[in-house]
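Understanding the architecture of this molecule
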Amino acid sequence: MLTLLRSRKFWASVFSALLTLALWYLQMLTPSPIWPFSDKEVSCTVYKELIFPYKVEIGIFIAVVLLLTNFALNWVPPNRKKKKLIKCVLKEILFQLFGGDTYHNRITLFQQKNGFETLFVYIWKCLIVNLRHHMKKQCVWYYIKNIPSPFKKYLHIYAREGQPYSKGTSTIFTAACTDKEVDGFASLIWLRQSPLHVKLPDISNIDLKNAKRIEDLSKNNQTIVKKYMRFGKITDFNKLKTLHRLSTNLWGTPVLDENQEMCGVLVFDDNNPNQTFGANNDLNERLIGYTRILEKTSAIKL
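We now turn to the structure provided with this report.

What counts, and at which threshold
- Residues numbered from 1 in each chain as written.
- Predicted model: local features only at pLDDT ≥ 70, side-chain atom pairs only at ≥ 80, totals over all residues.
- Heavy atoms only, no water.
- Core = buried A, V, L, I, M, F, W, Y, C linked by side-chain atoms within 4.5 Å.
- Buried < 20%, exposed > 50% of the residue type's maximum accessible area, 1.4 Å probe, protein only.
- Helix = DSSP H or I, 4+ residues; strand = E, 2+ residues; numbered from the N terminus.
- Salt bridge = Lys/Arg side-chain N within 4 Å of Asp/Glu carboxyl O.
- Patch = residues over 30% accessible without salt bridge, like charges linked within 9 Å, V, L, I, M, F, W, Y side chains within 5 Å.
- Areas by Shrake-Rupley, 256 points an atom, 1.4 Å probe, with all protein chains shown as cover.
- Pairing = 2+ DSSP bridges.
- Axes fitted to C-alpha atoms, helices over the stretch in contact; angles between N-to-C directions.
- Contact = heavy atoms within 4.5 Å.
- Expected span 1.5 Å × (residues − 1).
- Polar contact = N/O pair within 3.5 Å; in protein donor to acceptor, adjacent residues only side chain to side chain.

Counting residues in hydrophobic clusters, the biggest one holds 27 residues, and the most contacted among them are V225, F237 and L240. Listed by contribution, the elements that provide at least two residues to this core are β2 (153–161), α9 (185–192), α10 (219–232), α11 (237–242) and β6 (262–270). Ranked by residues supplied to this core, first place goes to α9 with 4 residues. Judged by nonpolar contacts, the second largest core, of 19 residues, contains L90, F98, A159 and V255.

Taken as a whole and assessed by the stated rule, the structure comprises 6 salt bridges. The salt bridge involving R292 is made with E295; its shortest N-O contact spans 2.9 Å. Taken together, the residues span about one helical turn, with R292 and E295 both in helix α12 (residues 281–298) at a distance of 3 residues. Connected through salt bridges with shared partners, the residues R106, R245 and D269 form a single ionic network.

Another aspect to go through is a nonpolar patch on the surface. Together, V56, I60, V64, L68 and F120 make up an exposed nonpolar region whose accessible area comes to about 460 Å². Position of L68 relative to the elements: it lies in helix α4 (residues 55–75). Note on L68: relative accessible area 46%, which makes it partly exposed.

On the basis of which strands lie adjacent, the open sheet formed by 6 strands has the order β3-β2-β1-β6-β5-β4 and antiparallel pairing. Of all the strands in the sheet, just β3 (172–174) and β4 (196–199) have a single pairing partner and so form its edges. Strand-to-strand twist in this sheet, taken as the mean axis angle between neighbours without regard to direction, amounts to 25 degrees. Across 7 bridges, the pairing between strand β1 (residues 105–114) and β6 is antiparallel. When the sheet's bridge partners are listed, N105 is paired in β6 with D270. Along the sheet face, helix α5 (residues 80–98) touches β1, β2 and β6 and points at about 65 degrees away from the line of β2.

This paragraph deals with the environment of W141. Within the fold, W141 resides in helix α8 (residues 140–145). Considered as a pair, W141 and L127 are 14 residues apart in the sequence and their alpha carbons are 9.9 Å apart.

Attention shifts here to helix α6 (residues 115–129). With 15 residues, α6 should cover 21 Å at 1.5 Å per step; its first-to-last C-alpha distance of 20 Å lies within 8% of that length. The distance from a side-chain oxygen at the start of α6 to the backbone nitrogen of F116 is 3.1 Å, and the residue carrying that oxygen is N114.

A few words on the environment of E295. Taking relative accessible area as the criterion, E295 reaches 10% and is therefore assigned buried. Here the alpha-carbon distance between E295 and V255, two residues 40 residues apart in the chain, equals 6.5 Å. When sequence neighbours within four positions are dropped, the list of residues in contact with E295 reads P254, V255 and L256. A polar side-chain atom of E295 sits 2.9 Å from the main-chain amide nitrogen of L256.

Here it is in structure tokens:
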């Protein structure tokens, strides 16, 4: 019984039933007061002046509350303790491999989510919360053109250690099923379902902010940027401008759930041009080993 009362799905069902009953009651209203407003003069006045004339508005409000309640209780990830634990694991991985250097090194766990949740998060973060930042980067139109489809699946940041952090970020990638759907390195890992390392050219000194198109760059810079986009699987120049961090190394591997099915992608990146990451086989093996530990941690029921 106690377990049932703690269940988010149970409370979602309770709220849904109550609000559905309220909507049914509203559509039954007539100009003459009905129960429980038909007994006293004060309640009749409240019914005639505040409830019946605004029954449509009240109904719309209840419908919105019903939608948001179901979203909050069914779609929002419930287990903050597990997320905190996974962030601790990511922090320990960076410490063991790179002495905890979170400025040059970053590790991110992406989790697959459905298109409806992605659409809600995308509109909120990209077109409302981060609108001013995206206006400065001149990439608002890019976000409008690339609104997620409710019928696809996407990769969201679940936990991250390193700078910039995941708070407030609007980064998402398509959980690609074909080569044409690949829109980033995490998307490529999801498609290939195998570990991969990519060495990228250093473009940190190229001014991307003031370039509306890639053709606005010098010929030499165009060549370097196009190479960066090709290796990083970035299909749009405006997508490149939205990145908060320009990495020089990318390493990724699929993450499996307790049923040995893909549920996410682990990506390590750094912005140190002198990093010889790909040549270090021992480092690659250790990262794959840490990924297995991360999978076991994710399977823990808290």
